[in-house]
Amino acid sequence: MAIWNPWHGCRKISPGCLNCYVYRRDAEFGKDSSIVSKTAAFDLPLRRNRQKEYKLKPDNEPVYTCMTSDFFIEEADVWRPDIWNMIKMRPDLDFVIITKRIHRFLDCIPNDWGEGYDNVTIICTCEDQARADSRLPIFLSLPIQHRQVIHEPMLEPVDIRNYLKTGQIEQVTCGGESGENARICDFAWVLDSWRQCVEANVSFHFKQTGANFRKGNRIYRIDRKDQMVQASKAGIEYIASRK
Ligand code: SF4
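Everything quoted here is computed from the prediction, not taken from an experiment.

This next bit is on the overall build of the protein chain. A count of helices and strands for the protein chain gives 7 helices and 12 strands. A compact globule built from 243 residues should have a C-alpha radius of gyration of about 18 Å, and the protein chain, at 18 Å, falls within 12% of that. Over its C-alpha atoms, taken along the principal directions, the protein chain stretches across nearly 55 × 45 × 35 Å. For the protein chain, buried positions account for 49% of its 243 residues. At a minimum sequence separation of 6, the contacts of the protein chain that also span at least 24 residues come to 75%. A total of about 12,200 Å² of accessible surface is found on the protein chain, and carbon and sulfur atoms cover 51% of it. Counting 35 positive and 33 negative side-chain charges, the protein chain places the centres of these two groups 3 Å from one another.

This is the structure we're talking about:
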């Protein structure tokens, strides 16, 4: 996988943003995360090496796009058309965009978007039930070829059965919160999401436990380096069978 951050900085918009890792990391360097600015990697997908080959190759994909901001943030409206052009120029790469601003989607797509570019996956973040119920009806009404949902940081059990039933969601991912002040992620909530996905035949991925992970009556403090490993050890990945 590759990461492409064409701009950096964001504004907090929902409960999941409370301990945002961008803010946490920037604070270590005294940087103001609320200032959104273009980065030196803005044109990364078009960069070439000395042999004139693209630096980002298909074996680097998927390309996670805008991981230190929100792709649909207002401040980036002026830069986004260039990003869509680059995505169009690289049909050999799959681009993945995770957002908490799905309500801005229709204001941000290019004129030739149609039913969506096939090399773009949009992932809608639903960290709690209220965000799921406000964002998913919008998300499911939009012209998007590849749609996923992520509960991260997962703050409570989230019932999305009615949305999964539509058959429009390709995968659900769960993850806890990292950092010193991380809120607890409960394995029971993750298991409940896994069950919903198995019932609806939707792929499921448990990405990471977060720093404070409850299992049964115990709360475990888990080091950053172990959070993905521990999630993987839970053995609850699910790959949907063909429909
Ligand atoms: S939307 Fe994402 S990047 Fe922006 S403040 Fe919230 S958690 Fe951070």
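Following the sequence through the fold, glutamate 127 ends up in the loop between strand E6 (120-125) and helix H4 (129-141). A distance of 2.7 Å separates a polar atom in the side chain of glutamate 127 from the backbone nitrogen of glycine 16. In this structure the side chain of glutamate 127 is engaged in a polar contact, spanning 3.2 Å, whose partner is the side chain of arginine 135. With near-sequence residues (within four places) excluded, glutamate 127 lies in contact with Ser14, Pro15, Gly16, Lys100, Arg135, Glu152, Pro153, Met154, Leu155, Glu156 and Val158.

Right, let's talk about the environment of arginine 11 for a bit. Looking at the secondary structure, you find arginine 11 in the loop between strand E2 (7-8) and helix H1 (21-28). Between the alpha carbons of arginine 11 and glutamate 75 there is a distance of 9.9 Å; along the sequence they are 64 residues apart. Once residues lying within four places of it in the same chain are set aside, the contact partners of arginine 11 are Tyr23, Ile73, Glu74, Glu75 and Arg101.

The next subject is the packing of aromatic side chains. Summed over the entire model, instances satisfying the criterion amount to 13 aromatic pairs. Through pairs of rings, three or more aromatic residues link up here, namely Trp7, Phe71, Phe72, Trp79, Trp84, Phe105, Trp113 and Tyr117. The ring of tyrosine 54 is capped by arginine 90, whose NZ or CZ atom sits 3.8 Å from the centre of that ring. Above the ring of phenylalanine 139, the side-chain terminus of arginine 147 is found at 5.8 Å from the ring centroid.

With that settled, consider the site of the ligand. Near the ligand the following residues occur: Cys10, Arg11, Lys12, Cys17, Cys20, Ser69, Asp70, Lys100 and Arg101. Judged by the proximity of its atoms to the pocket grid, the ligand belongs to the largest pocket. Taken together, the residues of the shell around the ligand sort by class into 3 nonpolar, 1 polar and 5 charged.

The buried count for strand E7 (residues 146-151) comes to 5 of 6 residues, which makes it a mostly enclosed element. Pairing geometry for E6 and E7, over 5 bridges, is parallel. Across the sheet, isoleucine 122 pairs through a bridge with arginine 147, a residue of E7. In this fold, E6 hands off to H4, which returns the chain to E7; that crossover is right-handed. Looking at chain direction, E7 and strand E8 (residues 171-175) are connected through 4 bridges and run parallel. Each residue of the ladder has a partner; that of isoleucine 150, found in E8, is threonine 173.

With a probe scaled to a water molecule rolled over the atoms, the places where space remains empty come into view. By volume, the largest pocket is sized at about 1,200 Å³. If you go around the largest pocket, you meet 44 residues; those closest to its centre are Tyr21, Met67, Ile98, Glu152 and Lys207. Going through the elements one at a time, H1, strand E5 (95-99), E6, E7, E8, strand E10 (203-208) and helix H7 (224-233) are the ones with two or more residues in the lining of the largest pocket. Of the residues forming the lining of the largest pocket, the biggest block, 4 residues, is contributed by H1. Each of domain 1 (1-122) and domain 2 (126-243) accounts for three or more of the residues forming the lining of the largest pocket. If you add up the space inside the second largest pocket, you get close to 180 Å³.

To continue, consider unusual backbone geometry. For the bond running from glutamate 152 to proline 153, omega is -5°, close enough to zero to count as cis. With respect to the helices and strands, the residue proline 153 is situated in the loop between E7 and helix H5 (161-164). Of note, the phi angle at cysteine 66 is positive, near 75°, even though the residue is not glycine. Residue asparagine 201 is not a glycine yet carries a positive backbone phi of 55°.

Rules behind the numbers
Residues numbered from 1 in each chain as written. Predicted model: local features only at pLDDT ≥ 70, side-chain atom pairs only at ≥ 80, totals over all residues. Heavy atoms only, no water. Helix = DSSP H or I, 4+ residues; strand = E, 2+ residues; numbered from the N terminus. Rg over C-alpha atoms; globule rule 2.2 N^0.38 Å. Buried < 20%, exposed > 50% of the residue type's maximum accessible area, 1.4 Å probe, protein only. Contact = heavy atoms within 4.5 Å. Areas by Shrake-Rupley, 256 points an atom, 1.4 Å probe, with all protein chains shown as cover. Lys, Arg positive; Asp, Glu negative; His and termini not counted. Charge placed at Lys NZ, Arg CZ, Asp CG, Glu CD. Polar contact = N/O pair within 3.5 Å; in protein donor to acceptor, adjacent residues only side chain to side chain. Phe/Tyr/Trp six-rings, centres within 6.5 Å; stacked < 30°, edge-to-face > 60°. Lys NZ or Arg CZ within 6 Å of the ring centre and 35° of its normal. Near = heavy atom within 4 Å. 1 Å grid on protein atoms, 1.4 Å probe; cavity = no way out; pocket = protein on both sides within 12 Å on 5 of 7 lines; lining within 4 Å. Sits in = over half its atoms within 2 Å of the grid points. Nonpolar A, V, L, I, M, F, W, Y, C, P; charged D, E, K, R; others polar. Pairing = 2+ DSSP bridges. Right-handed = clockwise from strand over helix to strand, strands pointing away. Points joined across faces, edges and corners; volume = space filled by probe spheres on them. Domains from an automatic or database assignment.

Everything listed here is a matter of geometry and, on its own, says nothing about what the molecule does.
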